[in-house]
Amino acid sequence: MKLVSYLRDGHDQLGIYVDGYLYDMEMLHPELPGNMNMFLQYWEESFPVAQMAERMVKEGRITKEKGFPIEEAYLLAPVPFPTSCRDGYAFRQHVESARRNRSAPMIPEFDQYPIFYFTNHGSIQGPGEVICMPDHFEKLDFELEAAVVICKAGRNIKASEADEYIGGLMIMNDISARRLQMEEMLLNLGPAKGKDFCTVIGPWLVTPDELEQYEIPAKENHTGKRWNLRMQCRVNGVQVSDGNLGDMDWTFAEIIERCSYGVTMHPGDVIGSGTVGTGCFLELNGTGKLNDPNYTQQWLKEGDVVELEIDGLGILTNTIVAEPTDYSILALKKTIQE
């Protein structure tokens, strides 16, 4: 099932996407919640009813006249108001390449436990324009990821049980301002301003039952589901990234186990996978420079159209737009006294 949040009468509305059409939850069944937050809160009661309604649409018992073309909708993030947003670091290829490109050895702790950071869940958005301040354009980057959303509360969740807490998968673009990120992390804290202005998820949430055909076993000595799903990024129609969600070393189940240690996970918590190998300009530019000193680096700029595509999860499209201001926090840095 594909769950879509969109704008209706100034509020977020939840619908099901079937063959190019959207169908309001409340129209499909009077007991179904009208928005994603309530749907996640009452997942165990609502999901079977929504599945039944989807079958009725596919069988023609609920006609297309009850829905409307998705092109007519203003799409929001599938989870418009997440209770939190964490981002993992699950792909060894990305970590290894990024460290190699700055002449750092692979860190052995990567293989000991999964890690994550909290990002600004108030800056989550869906398809459409990404508004950037002047400092964000100092090495502005995309990050090709997938994400899951938690659909029931749990604490100290074991990896062997954690897949049961996943309501669905979606594409994530962890937009990053690399100069801000690199400067502030010199102080061994963050990332903060390099990340907090925008994280994109969408275009819809795909429930795990729809992805069963893509399931593959976890890697050796790991626990949880993986999915064989090709991941691509195109900038202005030119492909720049090509990876696979099946390359995750740490599974979402293992990341959830780590996240929930001593902490209650709530319905609506979003967790990203981290960047797939080749999944950002920071990695691509570093590899390019390593192989060719004359390599021309690429970063996102105003007007660029970024498309992230993951098999089974759709295409997430955003356009980079500049805020009409010259205000700069980089200009506020204090001069170092000799």
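Above this text you will find the structure in question.
Residues numbered from 1 in each chain as written. Predicted model: local features only at pLDDT ≥ 70, side-chain atom pairs only at ≥ 80, totals over all residues. Heavy atoms only, no water.

Asker: Where do I start with a nonpolar patch on the surface in this structure?
Answerer: On the surface, Tyr89, Tyr113 and Ile115 cluster together into a nonpolar patch covering about 250 Å² of accessible area. Along the chain, the position of tyrosine 113 falls in the loop between helix H4 (92–101) and strand E6 (116–118). (Patch = residues over 30% accessible without salt bridge, like charges linked within 9 Å, V, L, I, M, F, W, Y side chains within 5 Å. Areas by Shrake-Rupley, 256 points an atom, 1.4 Å probe, with all protein chains shown as cover. Salt bridge = Lys/Arg side-chain N within 4 Å of Asp/Glu carboxyl O. Helix = DSSP H or I, 4+ residues; strand = E, 2+ residues; numbered from the N terminus.)

Asker: Please clarify how the side chain of arginine 226 should be interpreted in this entry.
Answerer: Inspection of the secondary structure puts arginine 226 in strand E16 (residues 226–227). Nearest to the buried, unbridged arginine 226 among oppositely charged side chains is aspartate 247, at 5.5 Å. (Buried < 20%, exposed > 50% of the residue type's maximum accessible area, 1.4 Å probe, protein only. Lys, Arg positive; Asp, Glu negative; His and termini not counted.)

Asker: It is not clear to me how the layout of surface pockets should be interpreted in this structure. Could you clarify?
Answerer: A water-sized probe, rolled over the atoms, reveals where empty space remains. By volume, the largest pocket is sized at about 1,000 Å³. The wall of the largest pocket is formed by 38 residues, among which Tyr89, Arg102, Gln181, Met185 and Leu282 lie closest to the centre. Elements represented by at least two residues in the lining of the largest pocket include exactly strand E5 (84–88), H4, E6, helix H6 (178–184) and helix H8 (281–291). A per-class count over the lining of the largest pocket returns 17 nonpolar, 10 polar and 11 charged. Roughly 200 Å³ of volume is contained in the second largest pocket. Contributing to the lining of the second largest pocket are Tyr74, Leu75, Leu76, Ala77, Pro80, Phe81, Ile124, Gln125, Gly126, Pro127, Gly128 and Glu129. (1 Å grid on protein atoms, 1.4 Å probe; cavity = no way out; pocket = protein on both sides within 12 Å on 5 of 7 lines; lining within 4 Å. Points joined across faces, edges and corners; volume = space filled by probe spheres on them. Nonpolar A, V, L, I, M, F, W, Y, C, P; charged D, E, K, R; others polar.)

Asker: Please explain empty space enclosed by the protein as it appears in this structure.
Answerer: In total, this model carries 2 cavities of 30 Å³ or more according to the counting rule given. Empty space within the largest cavity amounts to approximately 40 Å³. Considering the residues around the largest cavity, the lining is formed by Asn37, Leu40, Val79, Pro80, Phe81, Pro82 and Gly268. Taken together, the residues of the lining of the largest cavity break down into 5 nonpolar, 2 polar and no charged. Put simply, the second largest cavity is a space of about 30 Å³. Taken together, Asp163, Ile166, Leu169, Pro208, Lys225 and Trp227 make up the full set of residues lining the second largest cavity. Looking at side-chain class alone, the lining of the second largest cavity contains 4 nonpolar, no polar and 2 charged residues.

Asker: For this particular structure, what's the right way to read the sheet that holds strand E22 (residues 314–322)?
Answerer: Strand pairing in a sheet relies on backbone hydrogen bonds. The paired strands run either parallel or antiparallel. Within the open sheet, the 5 strands sit side by side as E8-E22-E21-E17-E18. Their pairing is mixed. Of all the strands in the sheet, the pair left with one neighbour each is strand E8 (128–132) and strand E18 (238–244). Adjacent strand axes in the sheet meet at a mean angle of 20 degrees, parallel and antiparallel pairs treated alike. Inspection of the sheet shows strand E21 (residues 305–310) paired to E22 by 6 bridges, in the antiparallel sense. By the bridge assignment, valine 305 is partnered in E22 with threonine 319. (Pairing = 2+ DSSP bridges. Axes fitted to C-alpha atoms, helices over the stretch in contact; angles between N-to-C directions.)

Asker: What am I meant to see in helix H7 (residues 252–259) here?
Answerer: Side chains that are three or four residues apart share a direction in an α-helix, a result of its 3.6 residues per turn. Along H7, 6 of the 8 residues are buried, which leaves the element largely enclosed by surrounding structure. Within H7, the full set of buried residues consists of Phe252, Ala253, Glu254, Ile255, Ile256 and Cys259.

Asker: When you look at the nonpolar core in this model, what are you seeing that I'm missing?
Answerer: General note: in soluble globular proteins, nonpolar side chains tend to be found buried as a group. Among the nonpolar cores identified, the biggest contains 62 residues, and Phe142 and Leu245 are the most heavily contacted of them. Of all hydrophobic cores here, the second largest spans 31 residues; its members include Val18, Ile124, Ala147 and Met170. (Core = buried A, V, L, I, M, F, W, Y, C linked by side-chain atoms within 4.5 Å.)

Asker: I tried to follow the pattern of salt bridges on my own but got confused; where do I start?
Answerer: A side chain of one charge can pair with a side chain of the opposite charge if their charged atoms are brought near each other. Using the criterion set out here, one finds 24 salt bridges in the structure. Across the salt bridge formed by lysine 152 and glutamate 44, the nearest N and O atoms sit 3.9 Å from each other. Separated by 108 residues along the polypeptide, lysine 152 in the loop between strand E10 (144–150) and strand E11 (154–155) and glutamate 44 in helix H3 (residues 43–58) bring together distant segments of the chain. Given the relative accessible area of 22%, lysine 152 is considered partly exposed. Relative accessible area serves as the criterion here: at 56%, glutamate 44 is assigned to the exposed category. With a closest N to O distance of 2.7 Å, arginine 230 and aspartate 242 form a salt bridge. Taken together, the residues span a long stretch of sequence, with arginine 230 in strand E17 (residues 230–235) and aspartate 242 in strand E18 at a distance of 12 residues. Classification of aspartate 242 by relative accessible area gives partly exposed; the value is 36%.

None of the figures reported here should be taken as evidence of function without further support.
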